[in-house]
Amino acid sequence: MSNKQRVVVLIISLAILGGFIAIGFHTSTPVIPTTTEELGDQVWPSGELEKLTVTEKTQNYNITAIYPKTNSDSISMQFYNFVNEQISQFKEDTSWVGEVGSASEGSLTLDIDYKSENSSRVQNYIFSLSSYTGGAHGLQVRKTFSYSKTGKLLTTSNLFSNGVDGLKTFATLVQKELMKREGADADWIADGAGPIQENYASFVVNDTSVTVLFDQYQVAPYSEGPVDITIPFSAFAKVANPELFPKQP
């Protein structure tokens, strides 16, 4: 074989080898974990990075809002939007102050804060909103955001293996607990704790139970304050979503 032939063979061989390498680079795809078991100790998208604060003070009102920045821009934006919606609503509810000027200086307030509670499979953020917009007394409201390890925002239907239908079973358990309270009103409870998702919009998930947060006026008079009802996993195990609740020993 002449030198020229050897060079041609070498060039062809390198071209073939380069083709295989290129194909390998273009077709190889990183494996992305999709289940909670595969994630292991991977950083949660909903994990908190820092606290962000919004403050605004005028002659008639004070606003302070604290919310988390997380590992996920989209989750952080959910909190940002929520806080700004509450601030906008507060300003709308107090728009009368500029017209009548009867509010004492700084007497109208909106305070938003939060805490986090985590289970092995769910991260919960519990926001507390305290506001006074005039009238006899202020109002306290809570709103929860619960995320799976993959960063999915959970709704009530995600808690159960049969979706929204599982809420009927769960709501029955909650109503029974509410009826055990002194001075319980059956009609009030049937309305405020009936099996519709709006009634169960705020909940906290841990490894052994789910706690439902009811705000003032929802299932009892204002004087009773907020009401929390915890239902153990064992009570609704037949309809519980196994992706969120680890098997009990």
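Scroll up to find the structure this text is about.
Overview of the structure.

The rules behind the values
Residues numbered from 1 in each chain as written. Predicted model: local features only at pLDDT ≥ 70, side-chain atom pairs only at ≥ 80, totals over all residues. Heavy atoms only, no water. 1 Å grid on protein atoms, 1.4 Å probe; cavity = no way out; pocket = protein on both sides within 12 Å on 5 of 7 lines; lining within 4 Å. Points joined across faces, edges and corners; volume = space filled by probe spheres on them. Helix = DSSP H or I, 4+ residues; strand = E, 2+ residues; numbered from the N terminus. Nonpolar A, V, L, I, M, F, W, Y, C, P; charged D, E, K, R; others polar. Pairing = 2+ DSSP bridges. Axes fitted to C-alpha atoms, helices over the stretch in contact; angles between N-to-C directions. Contact = heavy atoms within 4.5 Å. Core = buried A, V, L, I, M, F, W, Y, C linked by side-chain atoms within 4.5 Å. Buried < 20%, exposed > 50% of the residue type's maximum accessible area, 1.4 Å probe, protein only.

As a further point, take the layout of surface pockets. Take a probe with the size of a water molecule and roll it over the atoms, and the empty space left behind shows itself. Put simply, the largest pocket is a space of about 330 Å³. For the largest pocket, the lining is made up of 18 residues, of which Gln86, Asp93, Ser131, Leu139 and Val141 are closest to its centre. Among the secondary structure elements, those contributing two or more residues to the lining of the largest pocket are α3 (73-93), β4 (122-132) and β5 (139-148). No other element matches the 5 residues that α3 contributes to the lining of the largest pocket. Split into classes, the residues belonging to the lining of the largest pocket amount to 7 nonpolar, 8 polar and 3 charged.

Judged by pairing direction, the sheet is mixed, and its 5 strands sit side by side in the order β1-β2-β3-β4-β5 without closing on themselves. Every other strand in the sheet has two partners, leaving β1 (48-57) and β5 as the edge strands with one partner each. Averaged over all neighbouring strand pairs, the angle between strand axes comes to 15°, with direction disregarded. Across the sheet, α3 touches β1, β2 (61-70), β3 (108-118), β4 and β5, and the angle it forms with β2 is around 170°.

This brings us to the nonpolar core. Grouped together as the largest cluster of nonpolar side chains are 27 residues, with contacts concentrated most on Phe170, Val174, Leu178, Tyr200, Phe214 and Phe236. Elements with a contribution of two residues or more to this core: α5 (165-179), β6 (203-205), β7 (209-214) and β8 (227-232). No other element matches α5, which puts 5 residues into this core. For phenylalanine 214, the residues in contact, after removing those within four places along its chain, are Arg142, Val174, Leu178, Gly192, Ala193, Asn199, Tyr200, Val219, Pro226, Val227, Asp228 and Ile229. Core analysis: the next-biggest nonpolar cluster, separate from the first, contains 21 residues, Ile63, Tyr67, Val83 and Tyr125 among them.

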